[in-house]
Amino acid sequence: MPLAPYACNPALSLGRRFHEPDAPTRTVYQRDRDRIVHSTAFRRLVYKTQVFLNHEGDLFRTRLTHSLEVAQLGRSIARALHLNEDLVEAIALAHDLGHTPFGHAGQDALNDCMRAHGGFEHNLQSLRVVDLLEESYPQFNGINLSFETREGILKHCSRDNARALEALEPNGVGRRFLDGTQPSLEAQLCNLADEIAYNAHDIDDGVRSGLISMEQLLEVALFEDHYRQALRDFPDLQATHLQRRLLFETIRRMLSAQVYDLIEVSQASLAAVAPASLNDVRLAGPLLSFGEAARSRSGQLKLFLFRNLYRHPQVMHTMDLAKQVIRDLFNAYTHAPHEIPASFGAEGVDVHKAQCEGATPLARVIADYIAGMTDRFASREHQRLTGQRLLV
Ligand code: MG
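Residues numbered from 1 in each chain as written. Predicted model: local features only at pLDDT ≥ 70, side-chain atom pairs only at ≥ 80, totals over all residues. Heavy atoms only, no water.

J.: Give a description of the nonpolar core that names residues and reports values.
T.: Core analysis: the largest hydrophobic core is formed by 61 residues, its most contacted members being Ile36, Leu83 and Leu97. If sequence neighbours within four positions are ignored, isoleucine 36 has contacts with Phe42, Ala90, Leu93, Ala94, Leu97, Ile143, Leu145 and Thr149. Residues Leu110, Leu242, Met319 and Leu391 belong to the second largest nonpolar core, which totals 53 residues. (Core = buried A, V, L, I, M, F, W, Y, C linked by side-chain atoms within 4.5 Å. Buried < 20%, exposed > 50% of the residue type's maximum accessible area, 1.4 Å probe, protein only. Contact = heavy atoms within 4.5 Å.)

Right, here's the structure in full:
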């Protein structure tokens, strides 16, 4: 499939921070994807979760399966828009590498602990993982990904952090947050694929957990429409023992509707703006989007999930315990840094000091160490250091 002129062309990549000769059979983005799949941080995603903790059930999404779903949706949309599928896949597989254990509760707690030391932000942390924290090459820290993959990984960034990045890497991946330009379409696409993926799978996991029901979901227009259509086409799905199939069929239709809406609306704006190069893309506004109706329906679903699932008392209770685990770990390592394995993170310290003025190096090492933990390692480590068993 030929690439569109506005797609990222591997031959025009801005390259890697440390020069390496080209691979004989793979483009830069294919090679980035391969490096991500082989990284330690990628394997940890198996045991990291977002809404439901790892020990709560074997069938809930993990960060790994979530990342695979984002990559699948992203590639399929990229193909239709003639964007670079390999780059989309690389960004999607790496987009959550910097997440702490215990999902957003973990990130909030760690951010609180790091307030006096430059804060903690998972997008920036994903970049730290691929730029610094992976230790597998003799010549450099990190896995030396291309500019375009790193740009996609850093989907949000505060101005302060962007300035710090810019000081370290002029005209680098922090630049666009200062001058208000756009990232590649492949990066824009990954954000939207992420949203489609978690809206759909959180419905599935939420119903599976018993915390929300299909009856409740009927108040969400996007769900209700596809639920009714599924029942109209397959009336037998009404039967109690076929409820899971009904749920799957509804979610499948919702996914398709959102994907096709995104493709159609984006094709129209790409045709209208007709960007002739990646540079035109950077200077235009966001070019990929849902239509008005789909956008507001997706917003309604998000609000529903927020109120009924993410804020469910049972989820909130677990998340409060998870926050305590993170806070306790942070305090324990602050008072006993020797509990952190000597092999860990020594490389990251000086670089971060340069990146974030005012950062206390020890605090950042601790944050890197905690952020890298899986849910179950964090729980076990908490028990080892405090004698308390809060989770699992
Ligand atoms: Mg995600």
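J.: Which residues make up unusual backbone geometry, and what values do they have?
T.: Look at histidine 82: it is not a glycine, yet its phi comes out positive at around 60 degrees. As for its placement among the helices and strands, histidine 82 is situated in the loop between α3 (63-81) and α4 (85-94). Its identity as a non-glycine residue notwithstanding, phenylalanine 102 has a phi of 65 degrees, on the positive side. Mapped onto the secondary structure, phenylalanine 102 falls in the loop between α4 and α5 (103-113). Classification of phenylalanine 102 by relative accessible area gives buried; the value is 1%. (Helix = DSSP H or I, 4+ residues; strand = E, 2+ residues; numbered from the N terminus.)

J.: Please give an account of the side chain of arginine 61 that cites residues and values.
T.: Mapping arginine 61 onto the fold places it in the loop between α2 (40-44) and α3. Polar side-chain contacts of arginine 61 include one of 2.9 Å to the side chain of glutamate 69. A distance of 2.6 Å separates a polar atom in the side chain of arginine 61 from a polar atom in the side chain of aspartate 204. If near-sequence neighbours (up to four positions away) are discounted, arginine 61 is found in contact with Thr49, Glu69, His201, Asp204 and Asp205. (Polar contact = N/O pair within 3.5 Å; in protein donor to acceptor, adjacent residues only side chain to side chain.)

J.: Summarise the environment of leucine 110; cite the residues concerned and give the values.
T.: Along the chain, the position of leucine 110 falls in helix α5. Residue leucine 110 is classed as buried on the basis of its relative accessible area, which comes to 0%. Sequence separation of leucine 110 and phenylalanine 330 is 220 residues, and the distance between their C-alpha atoms is 7.9 Å. Filtering out sequence-adjacent residues up to four positions away, leucine 110 remains in contact with Thr100, Phe120, Ile326, Phe330, Ala367, Ile370 and Ala371.

J.: Break down the environment of glutamate 148 for me, citing the residues and quoting the values.
T.: With respect to the helices and strands, the residue glutamate 148 is situated in helix α7 (residues 147-153). Under the relative-accessibility criterion, glutamate 148 is labelled buried at 1%. On a C-alpha basis, the gap between glutamate 148 and arginine 16 in space is 9.2 Å, while along the polypeptide they are 132 residues apart. Excluding residues within four positions of it along the chain, glutamate 148 makes contact with Cys8, Leu12, Ser13, Leu14, Gly15, Tyr29, Leu87 and Ile91. A polar side-chain atom of glutamate 148 sits 3.3 Å from a polar atom in the side chain of tyrosine 29.

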